[in-house]
Amino acid sequence: MNAHLRWLATQLDEWVAGGLISAHQANAIRARYPHMEQGTPWGLIIFAGLGAVIVGLGIILLFAYNWHDMSKAMKLAVIIGSLCAAHTAGIALLRRGGWLRGLGQSFCLLGCMLFGAGIFLIAQIYHIHERYPHAFLIWGLGALAMAWVIPSAIHGMLAAVLLTIWVCCETWDFNMACTWAPLVIAAALGLLAWRLRARVLLLFVLTAVLVSAASVAHTLDGHVLLLLLTLAAAAIAASILAHERVWFEGSAPVWAFVGWSVFLVCCYLCSFKDFQYYVLRGQTHGTTLAYLLYMWAPFVLALALWGGVAWARAARRWRTPSEPGYELALVPLAVIACQFFILCGPHLISVMAAGVFNLVLLALALAWMTRGCRQALLAHTIMGSLLLAALVAARYFDLFESLAARGLVFVVTGGVLFAEGIFFARARQRLQHMKGST
Amino acid sequence: MKSVAIAAVALLQVAVLAYMAGEREWIVRRGATVYVRTAPIDPRDPMRGDYLALNYAISTVSRADCAGGLATAMAHTNRVPRGTVVYAVLNTNEGVARLVALTDQRPPGGLFLRGHVDHHNPPSDINVRYGIEAYFTQQHTARTLEAARVRDGIQIPLDIELAVSTRGTAVMKNHRWAPLGIGLDIIADATHTHAASARRRAVALIRIMNASTTEVALVNLPGGRSFALHSVSLGDDNPWRWVSADAAVPAPQAGDVVVLAPGQVHTNQILFSDPYWFVINTATNRRDAAAKALNHDDLQWGNMFRFEYRAPAPDACTGLPHHQLIWHGRLPTRAFSSSEWMD
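None of these values were measured; they are calculated from a predicted model.

Further remarks concern the overall build of chain A. Regarding its fold elements, chain A presents 17 helices and zero strands. In chain A, buried positions account for 47% of the 438 residues. In chain A, the share of contacts with a sequence separation of at least 24, taken over all contacts with a separation of at least 6, comes to 70%. Total accessible area computed for chain A in this model is approximately 21,800 Å², and 70% of it derives from carbon and sulfur atoms.

A few words on the pairing of strand β16 (residues 216-219) of chain B. Residue and element names in this part refer to chain B. Residues Val 216 and Leu 218 line one face of β16 and the alternating positions Ala 217 and Val 219 line the opposite face, and both faces are buried. The sheet contact formed by β16 and strand β19 (residues 257-260) spans four bridges and is antiparallel. Within β19, the residue paired with Val 219 across the bridge is Val 257.

Residue and element names in this part refer to chain B. The strand order across the open sheet formed by five strands is β4-β8-β7-β5-β6, and the pairing between neighbours is antiparallel. The open sheet terminates on both sides in strands that have one partner only, identified here as β4 (60-61) and β6 (98-103). Judged from the two bridges that link them, β4 and strand β8 (residues 126-129) form a sheet pairing that is antiparallel. Note on β8: the bridge partner recorded for Thr 60 is Asn 127.

Across the contact, 36 residues belong to chain B and 46 residues belong to chain A. Around 3,600 Å² of area is buried between chain B and chain A when both sides are counted, 66% of it from carbon and sulfur atoms. The interface formed by chain B and chain A holds two salt bridges in total. Between A:Glu130 and B:Arg24 there is a salt bridge, and its shortest N-O distance comes to 3.4 Å. Counting residues per element, the ones that place at least two in the side of chain B that touches chain A are α1 (2-30), β3 (49-56), β9 (134-136) and β13 (170-177) of chain B. Tallying contributions element by element places α1(B) first for the side of chain B that touches chain A, with 16 residues.

All names here are of chain A. For the peptide bond that leads from Ile 150 to Pro 151, omega is -15°, which places it in the cis range. By the secondary structure assignment, Pro 151 is in the loop between α6 (133-149) and α7 (153-174). At His 127, a position not held by glycine, the phi torsion is positive, near 55°. Inspection of the secondary structure assignment puts His 127 in the loop between α5 (99-125) and α6. For Arg 197, which is not glycine, the phi torsion reads 55° and is therefore positive. Note that Arg 197 resides in the loop between α8 (181-196) and α9 (199-219).

This part is about the nonpolar core. Among the nonpolar cores identified, the biggest contains 130 residues, and A:Tyr126, A:Trp139, A:Trp260, A:Phe263, A:Trp306 and A:Leu364 are the most heavily contacted of them. Among residues more than four places away in sequence, those in contact with A:Phe263 are A:Leu229, A:Ala232, A:Ile236, A:Leu330, A:Val331, A:Ala334 and A:Leu364.

Attention shifts here to the pattern of salt bridges. Under the counting rule described, the total for this entry stands at 13 salt bridges over all chains. Residue A:Arg131 is joined to A:Glu170 by a salt bridge in which the shortest nitrogen-to-oxygen separation is 3.0 Å. With A:Arg131 in the loop between α5 and α6 and A:Glu170 in helix α7, this residue pair connects regions lying 39 residues apart in the sequence. A relative accessible area of 24% means that A:Arg131 is categorised as partly exposed. Assessed through its relative accessible area of 4%, A:Glu170 is described here as buried. One salt bridge connects B:Arg176 with B:Asp159, and the closest N-O pair in it is separated by 3.4 Å. Of this pair, B:Arg176 sits in strand β13 while B:Asp159 is found in strand β12 (residues 158-164), placing the two residues 17 residues apart along the sequence. Under the relative-accessibility criterion, B:Asp159 is labelled buried at 0%. Taken together, the salt bridges that share partners define one network made up of A:Glu130, B:Glu23, B:Arg24 and B:Arg167.

With that settled, consider the pairing of strand β7 (residues 112-120) of chain B. Judged from the five bridges that link them, strand β5 (residues 85-91) of chain B and β7(B) form a sheet pairing that is antiparallel. Within β7(B), the position partnered with B:Val89 by the bridge is B:Phe112.

This brings us to α6(A). Taking 1.5 Å per residue, 17 residues should reach 24 Å; α6(A) reaches 25 Å between its end C-alpha atoms and fits that length. Buried within α6(A) are the following residues: A:Pro133, A:Ala135, A:Phe136, A:Trp139, A:Gly140, A:Gly142, A:Ala143, A:Leu144, A:Met146 and A:Ala147.

On the surface, A:Leu359, A:Leu362, A:Leu366, A:Leu408, A:Val412 and A:Val416 cluster together into a nonpolar patch covering about 510 Å² of accessible area. Given a relative accessible area of 32%, A:Val416 falls into the partly exposed group.

Looking now at the confidence of the model for chain B. All names here are of chain B. Mean pLDDT over chain B works out to 84, with 89% of the residues at or above the 70 mark. Ranking the helices and strands of chain B by mean pLDDT puts β5 first, with 93, and helix α4 (residues 195-200) last, with 53. ipTM for the predicted complex: 0.77, alongside a pTM of 0.79.

What counts as what
- The residue numbers shown here count from 1 along each chain, following its written sequence.
- Just so you know, chain letters begin at A and ligand numbers begin at 1, following the order they were written in.
- Residues qualify for local features only when their pLDDT is at least 70, as the model is predicted, and side-chain atom pairs are given and counted only at 80 or more; totals for whole chains, interfaces and linings, by contrast, use all residues.
- Side-chain numbers come from the whole structure's heavy atoms, not from hydrogens or water.
- Strands here are runs of E lasting at least two residues and helices are runs of H or I lasting at least four, both read from the DSSP assignment and numbered beginning at the N terminus.
- Throughout, exposure labels follow a simple rule: accessible area from a 1.4 Å probe, protein chains only, divided by the maximum for the residue type, with under 20% read as buried, over 50% as exposed, and the rest as partly exposed.
- We call two residues in contact when some of their heavy atoms are within 4.5 Å.
- Methods summary: accessible areas were calculated by the Shrake-Rupley approach with a probe of 1.4 Å, and residue burial reflects only the protein chains presented.
- Pairs of strands are assigned from DSSP output, requiring at least two bridges between the strands.
- Two parts placed together each lose some accessible area under a 1.4 Å probe, and adding up what both lose gives the buried area.
- Throughout this description, the term salt bridge denotes a Lys or Arg side-chain nitrogen within 4 Å of a carboxyl oxygen of Asp or Glu.
- Definition used in this section: a nonpolar core is a set of buried Ala, Val, Leu, Ile, Met, Phe, Trp, Tyr and Cys residues joined via side-chain atoms within 4.5 Å.
- Given a helix with a known number of residues, its expected span is that number minus one, times 1.5 Å.
- Residues forming no salt bridge and having over 30% relative accessible area are the ones grouped into patches, like charges within 9 Å of each other and nonpolar side chains (Val, Leu, Ile, Met, Phe, Trp, Tyr) within 5 Å.
- As a per-residue quantity, pLDDT reports the predictor's confidence and falls between 0 and 100.

So, in structure tokens, the structure goes:
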């Protein structure tokens, strides 16, 4: 149940009590919005799920104390018995339906936590000190299987976290690139998010894919920043397509949040000339399948998605009257530029590469500020202003050596922001006049 | 239908745990028992609690002990990839298992451990993990065990009891302290005021302690002949080898048997100036070099060595007084370098 329906549900009772509408009319309104009465009990799922996770972690730590007085058989009986009890209770509650279903999911989540506790407990009992990331892999697969059969978003989130820990441990501690892992995470959990239309799970999946892919790329001696930049660009394109084509209702803000966050951070890092040294160096002539997969597949995917955006725009296939701004073209251009600079290698002057990303950020900031002021869009105005301020603050340290130049830049920036405030206020006023006249 | 699927996944989770526990329990009950020597340190795992991190004597393997494809790779100073499956063939004739060879081919039979190459930087030794490098204990117990390892500067080896399957999978069953501990001190001659001269007249004091609760006898051959000297590689290959490695060791006599009461310490003195303990550089371009004392300036700080007490075989001790008390096994000291630095 979204916020509007929740508001309407509370207001209906007040309106009936105040005599504004009859009870019959209130029921007729309720019948018009069936989701109002039978929404997913997210509050219960979240709090009970959080409780299950914390109880599971507590049990892991409790067994970590490793009581000598507790026999091996007793420890095994306690953990396997708890696991069976949690799952049995979960299955029984899931069959009931209603709000008990949410509680059932939480019991099954507790069962999955106990499964993880059991893996570590058995390793402790038998002093197993083999490749420890395997424990996270087995635990994550157990949670993933449960996420699909229930089906449950919260189990999917647990699986996303555990599988990401597995990939990171394999790459950081054992220098082992699990090349296909990000793709498997994306497929197994992304499909579940799509099936359940679960936006929070989608957020977990996107984060898991980005973190695990970056981890693997680092192990392959690939270009982590290029990979993240390209994947972020792909996510931004996906957000536009999701918004317009409505193939996963409500997912566009999640794609956009992840995409823009990572894209802006990557561009910001690339805008430092000293950082470009680390961006441009590294392997550029890898021929292994894994290297090609991480160097070129995201690039092709991002360009394909942006091609889709351009095609939809050219064909005027937009569902909403407001088309995406032309400044969005900077996103694929930044990706192409980054790929070009890396292919050129370290002999390229890093100032030139940094300059391009400075221009990209500056253009984005000015475009958002202009659009915000013209159409009285507060979010665009704020984002543009923050981006400009961040850019000027960064260049204060590494570009303008003269205090006079620094002062001038600050004066100009301050003037621009001041003028932006005036323009924005006038746009708001104009909009209100138009609303009043209509 | 959905409930059945959920129950199936739940049962699968139980089955995974049952398999993990069942496989190890089977090895504990049916596997061959062997003791391996180790040195413990005390870390903590956030998921499994306190444990003793164990560094086994068979975990660091020199080129000489490698066989099969490993020997070929080591001979060509090729890096053996991390994660390569290896098998440590063991000999248990002396009570505590000794490494016979490390190979990349599974032995057809006998006692062996299955492990993985942890790291190898040619030309140094190969480090192997057998999956038994952690001994989980109740919280704070690990520190107590670690503290018991050193008594009066003498290190008491910890022997881990393993159950080993026919596939080479090892499961820890228990631990015991070795009955004898060994300590090493390098002492410069204080009568010489000149630092370099004093260093040249250094002696090694090797102390052997009875760490058990009953009497234990050791065989102390004259001139320190109960001891051997081993080269230790630290990072780079150590080209210096002991000149007397192949020298014949005299048979033990009745007067060589030393009975130690519980807690009693027997001290041996080894003179670095004794040519019996000299070492020679075996590097290809230095074959004509003369034998040098252990503390000669030609030896670098990274060229490390360790003494090892080697008890005579049980057959050689038959007829000696207190022969039933004589401990049979090997007891290495800490490694030391020419600059008197110890590991």
